[in-house]
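# A closer look at the structure
If you want the building blocks of each chain, they are given just below.
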Protein chains: 2
Amino acid sequence: MTPPLESYIRNIPDFPIPGIQFKDITTLLRDGPALQQAINVFIERYRHQRINAVVAIESRGFIFGAPLAYALGIGLVPVRKVGKLPADTYKLEYALEYGTATLEIHKDAFAPGARVVVIDDLLATGGTIAAACALAETAGATVVEAAFLIELSFLAGREKLGQRQIYSQITY
Amino acid sequence: MTPPLESYIRNIPDFPIPGIQFKDITTLLRDGPALQQAINVFIERYRHQRINAVVAIESRGFIFGAPLAYALGIGLVPVRKVGKLPADTYKLEYALEYGTATLEIHKDAFAPGARVVVIDDLLATGGTIAAACALAETAGATVVEAAFLIELSFLAGREKLGQRQIYSQITY
C-alpha cells in the first residue's frame, strides 16, 4: 500500500518569492510507485470517457500528460510558450499577476470531433489552464475536463474556467 | 503495422531561423499508435538494464522520459532551466551557438548507487545533454546511456559525450 500522494509533496517556503509556499512535486516524481499511482488515477478516470487526445501544458503538464496519452493509446498535443511550436498556431495572451504570458497550439493539432482532457500539474490562479482550454477549443476540440495533480483552492482558479469540468487529485 | 516513425516527423524549413530544417515531432505525438511505438522502443531497451531512474531534460525530454519512468515503475528526475527547481541544486552553465544556458538538478534527486538513463527528444550539438549527464553524475548517479528520439548526426553532438553510451531511434 503506497502512502497518500500528499505525503510525497515537499513544501518549500518562500519560493520563488517571499510569502509563497511552493509545492515541490519532484519528491513525488522521483519515487517510482508514487509516480505510477498518480498517473494511474488519471488513467482510470479517463479510460472509458472516449477521449481522443491529451492536451498537456508546457512543461510540467508534459510529465502527467505524456504517460496518460501513452497508456490510453491516444495522441498528445502540447500547448507551449510562444515561439516554440514551428507550424501555424493559434496564440492567446493572458494576464499574470505581473504582466502577461502567451501560449500557443498548432492549428492542425486535432482530428475533427476530438474530445480532449487538458492537463497540468497545478491549478493556481487559473489563467494558464483557461488559456489552454480556450486554445484547444479554438483548434476544434471539445474539452471534456481540465485535470491537475494539485489544486490550490484558496486561489480560486476554478472561477476562470467557467462551466468546464475540473478534476484535481490533491487539494490544498 | 505502424509505418516507420520517421514518416510522422514533419520538416519545417527555416524555423526558428533561416537555414534550419526543424524536425517537428508534434505530428508524431498527436498520433496515438506512433507515440506508443516510440515509447515502447525505449521501454524494451531499458527494461532489463537495472535502471533506477529516468533523468528527463526540460521540456520535450519530459514527453518521453515520463512514460518511460511510468512503465518501468521507477522515478523521474527533471533537469530544468535555471530558477525552476525549488530546493538545493547543482547548476551547470554551458555554451550555446550564441551565448550560454544554465541547467539545474536537485542535489537530493537520487538514491545512492542510482543507475540512470538521461533522455531528450533530440541530439543536436550536444551541449544540453552533456550538461545534463554531468549534472546527474555530480548528483551521484551513473549514466548508463543517453537516449534520444532523433539524432542530427551532421552536428556531431556525440563528440561532446565522451565515453558515454548513446542511443537514438532516428538518425538524420
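Each residue is numbered by its place in its chain's sequence as written, counting from 1. The order in which chains are written sets their letters, starting at A; the order in which ligands are written sets their numbers, starting at 1. Only residues with pLDDT of 70 or above have their local features reported here, since the model is predicted, and side-chain atom pairs are shown and tallied only from 80 upward, although totals for entire chains, interfaces and linings are computed over all residues. Only hydrogens and water are removed before side-chain values are computed, so all heavy atoms of the structure are retained for them.

## Observations regarding the overall build of chain A
A count of helical and extended segments in chain A gives 4 helices and 9 strands. Of the regular secondary structure in chain A, the N- to C-terminal order runs β-β-α-α-β-α-β-β-β-β-α-β-β. We compute the radius of gyration from the C-alpha atoms alone; for a globule the expected value is 2.2 Å times N to the 0.38, where N is the number of residues. For a compact globule of 172 residues, the expected C-alpha radius of gyration is about 16 Å, and chain A comes in at 16 Å, within 12% of that figure. Dimensions along the principal axes, computed over C-alpha positions, put chain A at roughly 40 × 40 × 30 Å. Burial classes: relative accessible area under 20% of the type maximum marks a residue as buried, over 50% as exposed, and values in between as partly exposed (1.4 Å probe, protein chains only). Among the 172 residues that make up chain A, the fraction classed as buried is 55%. Sequence-distant contacts, at least 24 apart, represent 55% of the contacts inside chain A between residues at least 6 apart. On chain A, roughly 7,400 Å² of surface is accessible, and the fraction owed to carbon and sulfur atoms is 51%. Of the charged side chains in chain A, 16 are positive and 17 negative, and the gap between their average positions amounts to 3 Å. Put simply, DSSP marks the helices as runs of H or I at least four residues long and the strands as runs of E at least two long, and each gets a number from the N terminus on. For this analysis, residues touch if any pair of their heavy atoms sits within 4.5 Å. Methods summary: accessible areas were calculated by the Shrake-Rupley approach with a probe of 1.4 Å, and residue burial reflects only the protein chains presented. Positive: Lys, Arg. Negative: Asp, Glu. His and the chain ends are not part of the count. Positions of charges follow a simple convention, taking NZ of Lys, CZ of Arg, CG of Asp or CD of Glu.

## Quick notes on the pattern of salt bridges
Where charged atoms of side chains with opposite charge meet at close range, the side chains can pair. In the sections that follow, a salt bridge refers to a side-chain nitrogen of Lys or Arg positioned within 4 Å of a carboxyl oxygen of Asp or Glu. Following the criterion strictly, the structure yields 22 salt bridges over all chains and no others. The partner of Asp-108 of chain A in a salt bridge is Arg-30 of chain B, and the shortest N-O contact between them spans 3.4 Å. Here Asp-108 of chain A, found in the loop between β6 (100–106) and β7 (115–123), pairs with Arg-30 of chain B, found in the loop between α1 (26–29) and α2 (32–46), and the two come from separate chains. Members of the salt-bridge network, linked through shared partners, are Arg-10, Asp-24 and Arg-30 of chain A together with Asp-108 of chain B.

## A look at the sheet that holds strand β3 (residues 53–57) of chain A
All names here are of chain A. Being paired, for any two strands, means DSSP has found at least two bridges between them. Pairing within the open sheet is mixed, and its 7 strands lie in the order β5-β6-β4-β3-β7-β8-β9. The open sheet has two edge strands with one neighbour each: β5 (89–95) and β9 (166–171). Across the sheet, the mean angle separating the axes of adjacent strands is 20° when strand polarity is ignored. By the bridge criterion, 8 bridges tie β7 to strand β8 (residues 142–151) in an arrangement that is parallel. Its bridge partner lying in β8, Leu-122 is registered against Ile-150. A fitted line through C-alpha atoms serves as each axis, taken over the contacting stretch for helices, and the angle formed by two N-to-C directions is quoted from 0 to 180°. Sheet strands touched by helix α4 (residues 127–138): β3, β4 (75–81), β5, β6, β7 and β8. Its angle to β5, the strand with the most contacts, is close to 155°.

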